There are 2 protein chains.
Amino acid sequence: MMKELVFVGLGLNDEYGITLKGLEELKTADTIFMETYTSRMPDFNMQHLEELCNKKIQLITRQTLEEENGQQILQAAELGKTIFLVPGDPFIATTHVTLRIDAKKRGVATRIVHGISIMSAIVSLSGLHNYKFGKTVTIPFSETPAETPYNVLTQNKKLGLHTLCLLDLREPENRYLTINQAIQTLQIVEQQKQQNTITPDTVAIGIARAGNNKPALKAGFLKNLINFDFGMPPYSLIFPGDLHFMEVDALIAFADAPVELKRLFK
Amino acid sequence: MMKELVFVGLGLNDEYGITLKGLEELKTADTIFMETYTSRMPDFNMQHLEELCNKKIQLITRQTLEEENGQQILQAAELGKTIFLVPGDPFIATTHVTLRIDAKKRGVATRIVHGISIMSAIVSLSGLHNYKFGKTVTIPFSETPAETPYNVLTQNKKLGLHTLCLLDLREPENRYLTINQAIQTLQIVEQQKQQNTITPDTVAIGIARAGNNKPALKAGFLKNLINFDFGMPPYSLIFPGDLHFMEVDALIAFADAPVELKRLFK
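Because the structure is a prediction, the values reported are computed rather than measured.

Engineer: So, the packing of helix α10 (residues 245-254) of chain A against helix α5 (residues 97-105) of chain B: which residues are in play, and what are the values?
Structural biologist: Across the interface, α10(A) lies against α5(B) with an axial gap of 10 Å and an inter-helix angle of 40°. Here α10(A) lies oblique to α5(B), going by the angle between them. Classified by chirality, the crossing of α5(B) by α10(A) is left-handed. In this structure, α10(A) uses Met246(A), Asp249(A), Ala250(A), Ala253(A) and Phe254(A) to contact α5(B), whose residues at the interface are Val97(B), Thr98(B), Arg100(B), Ile101(B) and Lys104(B). Here the contact of α10(A) with α5(B) is composed, by residue class, of six nonpolar, one polar and three charged.

Engineer: Give a detailed account of the environment of His244(B), specifying residues and quantitative values.
Structural biologist: Residue and element names in this part refer to chain B. By secondary structure assignment, the location of His244 is in the loop between β12 (235-239) and α10 (245-254). Using a relative accessible area of 33% as the deciding quantity, one classes His244 as partly exposed. Separated by 18 residues in the primary sequence, His244 and Ile226 place their C-alpha atoms 25 Å from one another. Not counting the four nearest positions on each side in its chain, His244 is found in contact with His129 and Lys132. A distance of 3.1 Å separates a polar atom in the side chain of His244 from the backbone nitrogen of Met246.

Engineer: Give me the lowdown on the sheet that holds strand β6 (residues 137-139) of chain A, citing residues and values where you can.
Structural biologist: All names here are of chain A. Strand order across the open sheet formed by five strands is β6-β7-β12-β10-β11, with mixed pairing between neighbours. The open sheet is flanked by β6 and β11 (216-221), the only strands paired with a single partner. For this sheet, the mean angle separating the axes of adjacent strands, direction not counted, is 25°. Here β6 runs beside strand β7 (residues 163-167); their pairing, made up of three bridges, is parallel. Its bridge partner being in β7, Thr138 is matched across the sheet by Leu166. Along the sheet, helix α8 (residues 179-193) contacts β6, β7, β10 (203-208) and β12 (235-239); its crossing angle with β12, the most-contacted strand, is approximately 45°.

Engineer: Lay out the environment of Ser124(B) with the relevant residues and their values.
Structural biologist: Among the secondary structure elements, Ser124(B) is positioned in helix α6 (residues 118-126). The buried category is assigned to Ser124(B), whose relative accessible area is 1%.

Engineer: Describe the interface of chain A and chain B, listing the residues and the values that go with them.
Structural biologist: Contacts between chain A and chain B engage 52 residues on the former and 52 residues on the latter. Taken together, both faces of the contact between chain A and chain B bury some 4400 Å²; the carbon and sulfur share is 66%. Taken as a group, Leu20(A), His114(A) and Phe254(A) account for 16% of the area that chain A buries against chain B, more than any other trio of residues on that side. At the junction of chain A with chain B, the criterion picks out 14 residue pairs in polar contact (both at pLDDT 80 or more). Among the secondary structure elements, those contributing two or more residues to the side of chain A that touches chain B are α1 (20-27), α5 (97-105), β5 (109-113), α6 (118-126) and α10 of chain A.

Engineer: Explain the packing of helix α7 (residues 148-158) of chain A against α8(A) to me, and be specific about the residues and the numbers.
Structural biologist: Residues and elements named next belong to chain A. The geometry of α7 relative to α8 is characterised by a closest axis approach of 9 Å and an angle of 75° between their N-to-C directions. Here α7 is positioned roughly perpendicular relative to α8, judged by the angle of their axes. Residues Pro149, Tyr150, Asn151 and Leu153 of α7 form the contact with α8, whose participating residues are Leu186, Val189, Glu190 and Lys193. Per-class residue counts for the contact of α7 with α8 are five nonpolar, one polar and two charged.

Engineer: Kindly report on the pattern of salt bridges, identifying the contributing residues and their values.
Structural biologist: For the structure shown, the criterion picks out 24 salt bridges over all chains. Among the ionic pairs, Lys81(B) bridges to Glu25(B), the shortest N-O distance being 2.6 Å. Here Lys81(B), found in strand β4 (residues 81-86), pairs with Glu25(B), found in helix α1 (residues 20-27); they are 56 residues apart in sequence, far enough to count as distant. The two residues Lys81(B) and Glu25(B) agree in class, both being buried. Among the charged side chains, a salt-bridge network with shared partners connects Glu4(A), Glu25(A), Lys81(A) and Arg111(A).

Parameters and conventions
- Position numbers for residues start from 1 in each chain and track the written sequence from start to end.
- Following the order in which they are written, the chains are lettered starting with A and the ligands numbered starting with 1.
- For a predicted model such as this one, the threshold for reporting local features is a pLDDT of at least 70, and the threshold for listing and counting side-chain atom pairs is 80 or more; totals across whole chains, interfaces and linings nevertheless cover every residue.
- To obtain the side-chain values, all non-hydrogen atoms of the structure were used and water was disregarded.
- Interaxial angles span 0 to 180 degrees and are taken between N-to-C directions of axes, which are lines fitted to C-alpha atoms, for helices over the stretch in contact.
- In this description a helix means any DSSP run of H or I spanning at least four residues, a strand means any run of E spanning at least two, and both kinds are numbered starting from the N terminus.
- An angle below 35 degrees is read as roughly parallel, one above 145 as roughly antiparallel, one from 65 to 115 as roughly perpendicular, and any other as oblique.
- Two helices crossing with the near one rotated counterclockwise from the far one by less than a right angle form a left-handed crossing, whereas a clockwise rotation gives a right-handed crossing.
- Residue contacts follow a heavy-atom distance rule, with two residues in contact if any of their heavy atoms lie within 4.5 Å.
- Under the scheme applied here, ten amino acids are nonpolar (Ala, Val, Leu, Ile, Met, Phe, Trp, Tyr, Cys and Pro), four are charged (Asp, Glu, Lys and Arg), and all others, including Gly, are polar.
- The buried label goes to any residue with under 20% of its type's maximum accessible area, the exposed label to any with over 50%, and the partly exposed label to all in between, with areas taken from a 1.4 Å probe on protein chains only.
- Counted as a polar contact is a pair of N or O atoms within 3.5 Å, where, for protein atoms, one must be capable of donating a hydrogen and the other of accepting one, and residues adjacent in sequence contribute only when both atoms are in side chains.
- What makes two strands pair is DSSP finding at least two bridges between them.
- By buried area we mean the combined loss of accessible area, with a 1.4 Å probe, across both parts when two parts are placed together.
- Here, a salt bridge means any side-chain nitrogen of Lys or Arg that lies within 4 Å of a carboxyl oxygen of Asp or Glu.

Right, dumping it as structure tokens:
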């Protein structure tokens, strides 16, 4: 019997986000675990995925995985082909790297079957040029607004680069930092640091439900975005750096950007 | 009849790289076009994909698409549900943004069904922390080595950030810039600019065939990588910035990095 641990990405939104390759792997698995805490899959139907692969899937919580250091998964992998299903791509978040290293230490072979990552879906939806993105940042829930996102944004802007901001989520509590909250957080840091990174006329692109059939996309000035209703989560936010006219055309055509953007960027 | 143009990502490597959602879209399409020139899918079997969706797929070359400004595709989309299949994710490369804008101008609705992008697959395979990547760069084929990749690399390193280098390909001619060639190109620019960005002791990670069942991954010093045989394309290259010990552990465990890396990075 094949002993291995295969990390399979679920992709985005629902059970149709997995690749044909991923589904084939599930069909030949001895044991399947799945976590849903590193990302939100709004329309995911576990029972339907079980029907598609004709196997039982065991949900594993962050608490269980952390408390027992992945013992359940590792023990299953020592007995047969074991799959760990992870939303998005299995290793774009680094959450599960330790589990993979532990498997190797026990002599269990590991493989990755990639899934669509929220990172690339957002870049793709935005119409912005991929190679012009600088460092990515997460805007966290916090009592006192974190300075790091503001600093990364300031640095990227100086370099003319776009910034992708992932917005914090606490999936088990069903809490999502909204685009409005994220902007407000950045505005508070702006008041402290005064580097003119965040003004009412700063351009940004809010994106909700990337990977869904009906993602929401709205580009504009912060003064307009702050009250825009993006609907259901998950959310992300892009602050463009220097914009090429092709990028502006894409924002006007597909992100409902105001035509004034044409005058601001050459 | 539904009139729309759906851009569907094929993902990586072969026809099993598409998502279930992508395949469902194909099954209900009136017309399907596909291009294979923006990326390499080494094990792709067109006939098998046609069997899976029970439809004919028309291959379209870069030359045709550019010469006729996508007329074939746009005319089909004015008559019924039309799908344009693109390797990876449809809009991570910006090649097809103009086609999408032209569709909108003609009153044709468009949608994106995402695919796995080489960008996120490489980051995921490397085990490096996604949020520590700076600007991405492509190392092109060229008579005189391009300075841009070297400059981007130098800037990212100064900021402590990782650099993902995509290596140029000319799919129709079956030509791929190899990892060895890419390193040599950077070495030539180093000799001109002397900024100590590229030395024999610079650490890098070469990756071949991301998305394939057997990707090749090798981390090490350039003096060791330069003669390493990565096998078949496609290729990419990562130059790490500041490394966290967890990243070093992952490189040693899964990219065959020398254990000396532990001493170099704290």
